[in-house]
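# Close look at the chain arrangement
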Amino acid sequence: MICLNVKNERTIFYLRLIYLLAAVVTIVLGLASRKYSLLLPEFVAQYAGDLLWAMMIYFGFCFLFVRKSIRTALLLSFLFSFGIEFSQLYQEEWINQIRNTTLGALILGKGFLTIDLLRYTGGIIVATVIDKVITYLSSSTESLNS
């Protein structure tokens, strides 16, 4: 998983596939954390959804901008996540109707919470660390195969 300047089209394809898979797995985990929240420890139930949502945003930007740097994915993830959270300060009827749908609530949230900014930060950092570890492991494997 490298969000770096990659030229090889086959490598680009596989990276996009990995990022897509990471995003889908993250979505499944996030939905499960909501559905089974009563079975999880309270701390996990409270924080997992937002943390996983931010991870999914990071992997999504890596998927879209696979040829760009990790820094680009980081910046876009923070801007998008924080932008969505601050948009929750806007409370007009038309957007609240969208937020009252399941999909609207999952994407736009319902109300501004400062703690969500910390949860998003944690999720983006975790996703970045995962990205860097896998980047390191894949570059080590590639150098052994050369």
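This text goes with the structure placed above it.
## Quick notes on the packing of helix 1 (residues 9-35) against helix 2 (residues 42-64)
The interhelical angle for the contact between helix 1 and helix 2, taken along N-to-C directions, is 165 degrees, at an axis separation of 8 Å. By the angle class used here, helix 1 and helix 2 are roughly antiparallel. For the crossing formed where helix 1 meets helix 2, the hand is left-handed. Contacts from Arg16, Tyr19, Leu20, Ala22, Ala23, Thr26, Ile27, Leu29, Gly30, Ser33 and Arg34 of helix 1 reach helix 2 at Ala45, Ala48, Gly49, Asp50, Leu52, Met55, Met56, Phe59, Cys62, Phe63 and Leu64. Residue composition of the contact of helix 1 with helix 2, grouped by class: 15 nonpolar, four polar and three charged.

## Structural notes on the pattern of salt bridges
Taken as a whole and assessed by the stated rule, the structure comprises four salt bridges. Within the structure, one salt-bridge network assembled from shared partners comprises Arg34, Asp50, Asp116 and Arg119.

## A look at a nonpolar patch on the surface
Where nonpolar side chains cluster on the molecular surface, the patch consists of Ile125, Val126, Val129, Ile130, Val133, Ile134, Tyr136 and Leu137 and spans about 670 Å² of accessible area. You can see Leu137 is positioned in helix 6 (residues 114-145). Given a relative accessible area of 48%, Leu137 falls into the partly exposed group.

Cut-offs applied
Residues numbered from 1 in each chain as written. Predicted model: local features only at pLDDT ≥ 70, side-chain atom pairs only at ≥ 80, totals over all residues. Heavy atoms only, no water. Axes fitted to C-alpha atoms, helices over the stretch in contact; angles between N-to-C directions. Helix = DSSP H or I, 4+ residues; strand = E, 2+ residues; numbered from the N terminus. Parallel < 35°, antiparallel > 145°, perpendicular 65-115°, else oblique. Left-handed = near helix turned anticlockwise from the far one by under 90°. Contact = heavy atoms within 4.5 Å. Nonpolar A, V, L, I, M, F, W, Y, C, P; charged D, E, K, R; others polar. Salt bridge = Lys/Arg side-chain N within 4 Å of Asp/Glu carboxyl O. Patch = residues over 30% accessible without salt bridge, like charges linked within 9 Å, V, L, I, M, F, W, Y side chains within 5 Å. Areas by Shrake-Rupley, 256 points an atom, 1.4 Å probe, with all protein chains shown as cover. Buried < 20%, exposed > 50% of the residue type's maximum accessible area, 1.4 Å probe, protein only.

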